[in-house]
Amino acid sequence: MPKTSVKTAAVLACTTTLALAATTLTSTPATAASVGSTTLADASAATPASTGVRPAVPSGTTRTVTVSTTAQLKSAISGATPGTAILLHKGSYAGPFDILKSGTATNPISVQPYGDGAVTLTASLKMPSCGTTGPDINRTVRFRQAASYWTFQNLNISGGVYIPGAGVQNAYKWMQTSIKNSDWRTLRAVPGRGTNDKVAARNAISYVAAKSGATLKPIDGVQLIGNKITRKGVHITMSRYGVIKNNTITDIACGTGPGIWFGTYSDGWSVTGNTLARIAASSVKHYMQEGIRVDNGSNYNVIDRNRISDLPGDGRAFTTDQTASYNRFTNNTASNVAIGFNDQMAGWGNLWDHNTVTGYRSAGIAFRMMDAPLKTPSMATSTNDSTVTCNTLSGTGAGLQIGAMMKSRVADNKVSSTKLGPNVPSYWVAQGNTFNSKAVVPSTGTSTMRAGAC
């Protein structure tokens, strides 16, 4: 582990120094779609995309538009109003598709199969090099102008989805200034960042807009349900309160980023029941090839019952970074990965509970290993107020790694061994940590779950 100062550790190695590119996307004019009007029933559980079976339209649908050509689909998207359900006949539709208008929370806009066969959305996209260091914004489905409340379900999407709030580059730059200066007080003054307060967090983006002098508008309420997503994954930034459920995200090309990537104040997402696998190795850093990555102050996300496998190289299944806090990682599984779960820079209040990792190559769960040289934990960079319980970890190396941690609870994890930073034993109790509900230093040997605890 390199010897480094607290300030340097905050911005090197395990952090993302990404310069978000400006979006210069254009939409293509199209001919009118055929239209039919009806009021349909509430949405039910998603059907796998490969079957082409028509799912129920979302609750709040007031109008349907049926399409069978790319031109009709683009016209339907550009002409959609709240409550529109766009139904696609079987076949392949060539994008990219730009989402410009918004539905509402009670009347979302949806895109889904008509029900007569499988539907594929695809596009001829430029593929970045494996050495790319930032997110690939050139994807098949591209949200613009803070278009909110859309549902895409039961589709094959070759080329991924990009969901950026308007003005996100300015919010990102404002945040990075404080991160580079180890100014954790400014970052934690943003509503819902210094304490676990979901209600206050709804004002986070308006607060950052006032502090940065920029116009910011998040995307809210996007749902991706039951889709098969390939080539490129899902990149989400300054977008909130959406759903990613029962999707299969596999065979993602190198240089395009993680399977699912949340950044820059992306709060309150529900990510459940997804399968992710085979994300190609980056030639630069782990953050470009992870399964599910939550970073840049993205808080209050629920990551539950997801399965991630077969990540080559330094692939890490589930990661938080750069002050991502108060997120819940529960009942997930990871296999054949470098690290199963990874809490990196300044994760506060994250929960890691009832997760399983098999076949890890480096560690089952790791907590801010970059801070291992520190004499005491840093408020700017170290893990704080986390709960790590009832996880089962098996593989090569240490199951649990702790570089720096404070005010955290570690209990009833089944691991073959635990690796502690050299200074952790000296400050563990003084910094308010507990192990198996006691103020004692974690055992570095085999650890098992106490009877009845989990």
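Just so it is clear, the model here is predicted, and its values are computed rather than measured. (Residues numbered from 1 in each chain as written. Predicted model: local features only at pLDDT ≥ 70, side-chain atom pairs only at ≥ 80, totals over all residues. Heavy atoms only, no water.)

Participant: Can you explain unusual backbone geometry? Please cite residues and give values.
Facilitator: Residue G95 is joined to P96 through a cis peptide bond whose omega torsion reads 10°. Relative to the helices and strands, P96 resides in the loop between β4 (91-94) and β5 (97-99). Of note in this structure, N296 is not a glycine but carries a positive phi near 55°. With respect to the secondary-structure elements, N296 resides in the loop between β22 (292-294) and β23 (302-304). By relative accessible area, which is 3% here, N296 ends up buried. Even without being a glycine, N331 presents a positive backbone phi close to 60°. Since its relative accessible area comes to 38%, N331 is described here as partly exposed. (Helix = DSSP H or I, 4+ residues; strand = E, 2+ residues; numbered from the N terminus. Buried < 20%, exposed > 50% of the residue type's maximum accessible area, 1.4 Å probe, protein only.)

Participant: Please provide a residue-by-residue account of the pairing of strand β2 (residues 63-67), values included.
Facilitator: Pairing between β2 and strand β3 (residues 84-88): five bridges, direction parallel. Within β3, the residue paired with V67 across the bridge is L88. A crossover connection joins β2 to the parallel β3 through helix α2 (residues 70-79); in handedness this β-α-β unit is right-handed. (Pairing = 2+ DSSP bridges. Right-handed = clockwise from strand over helix to strand, strands pointing away.)

Participant: Give a detailed account of the nonpolar core, specifying residues and quantitative values.
Facilitator: Core analysis: the largest hydrophobic core is formed by 70 residues, its most contacted members being F143, W150, F152 and I292. Here this core gets three residues from one element, more than from any other, and that element is α2. The contact partners of F143, leaving out residues within four places of it in the chain, are I99, W150, F152, V161, Y162, I163, P164, I219 and V222. One finds A204, V208, M238 and Y326 within the second-largest nonpolar core, a separate group that totals 21 residues. (Core = buried A, V, L, I, M, F, W, Y, C linked by side-chain atoms within 4.5 Å. Contact = heavy atoms within 4.5 Å.)

Participant: Give a detailed account of the pattern of salt bridges, specifying residues and quantitative values.
Facilitator: Within this structure, the stated rule accounts for 13 salt bridges. Measuring nitrogen to oxygen at the nearest pair gives 2.8 Å for the salt bridge that ties D98 to R142. In this pair, D98 is assigned in strand β5 and R142 in strand β8 (residues 141-143), connecting sequence segments 44 residues apart. Judged by relative accessible area, which is 5%, R142 ranks as buried. Ionic pairing is found between D220 and R240, a salt bridge with its closest N-O pair at 2.9 Å. With a gap of 20 residues between them, D220 in strand β12 (residues 219-220) and R240 in strand β16 (residues 239-240) connect regions that are remote in the sequence. Its relative accessible area of 13% is what places D220 among the buried residues. Through salt bridges with shared partners, one network takes in E290, R293, D295 and D321. (Salt bridge = Lys/Arg side-chain N within 4 Å of Asp/Glu carboxyl O.)

Participant: Tell me about the packing of aromatic side chains, and please be specific about residues and values.
Facilitator: The tally for this structure, following the rule as stated, stands at eleven aromatic pairs. With centroids separated by 6.5 Å and ring planes inclined at 50°, the aromatic side chains of W261 and Y287 adopt a geometry described as tilted. Of this pair, W261 sits in strand β19 (residues 260-263) while Y287 is found in the loop between β21 (275-279) and β22, placing the two residues 26 residues apart along the sequence. Y287 gets classed as buried once you look at its relative accessible area, which sits at 4%. Ring geometry for F318 versus F329: centroids 6.4 Å apart, planes at 85°, classification edge-to-face. With F318 in strand β25 (residues 316-320) and F329 in strand β26 (residues 328-330), this pair connects stretches of sequence that are eleven residues apart. Following the ring pairs from residue to residue traces out a cluster consisting of F318, F329, F341, W352 and F367. Between the NZ or CZ atom of K74 and the centre of the ring of F97, over which it lies, the distance is 5.8 Å. (Phe/Tyr/Trp six-rings, centres within 6.5 Å; stacked < 30°, edge-to-face > 60°. Lys NZ or Arg CZ within 6 Å of the ring centre and 35° of its normal.)

Participant: Before we move on, can you summarise the side chain of R188 with the specific residues and values?
Facilitator: For R188, the position within the fold is in helix α4 (residues 184-188). Although R188 is buried, it forms no salt bridge, and the closest oppositely charged side chain is D343 at an N-O distance of 8.8 Å. A polar side-chain atom of R188 sits 3.0 Å from a polar atom in the side chain of S325. Look past the residues within four positions of R188 in its chain and what remains in contact with it is R193, G194, T323, S325, A346 and W348. (Lys, Arg positive; Asp, Glu negative; His and termini not counted. Polar contact = N/O pair within 3.5 Å; in protein donor to acceptor, adjacent residues only side chain to side chain.)

Participant: Talk me through the sheet that holds β5; I want residue IDs and the actual numbers.
Facilitator: What the eleven strands build is an open sheet, ordered β5-β8-β11-β15-β19-β22-β25-β28-β31-β35-β38; its pairing is parallel. At either end of the open sheet lies a strand with only one pairing partner, and these are β5 and β38 (418-420). Each adjacent strand pair in this sheet contributes to an overall mean axis angle of 10°, direction not counted. Pairing geometry for β8 and strand β11 (residues 161-164), over two bridges, is parallel. Paired with V141 across the two strands is V161, which belongs to β11. (Axes fitted to C-alpha atoms, helices over the stretch in contact; angles between N-to-C directions.)

Participant: Give a detailed account of the state of the cysteines, specifying residues and quantitative values.
Facilitator: Throughout the structure, instances matching the rule amount to two disulfides. At a sulfur-sulfur separation of 1.8 Å, the disulfide partner of C130 is C254. Around the S-S axis, the bridge from C130 to C254 shows a dihedral of about -50° and counts as left-handed. Highlighted residues: C130 in the loop between β7 (119-122) and β8 and C254 in the loop between β18 (248-252) and β19, separated in sequence by 124 residues. Each bonded cysteine in the protein gets a number by its place in the sequence, and the pairs come out as 1-2, 3-4. (Disulfide = S-S within 2.5 Å.)

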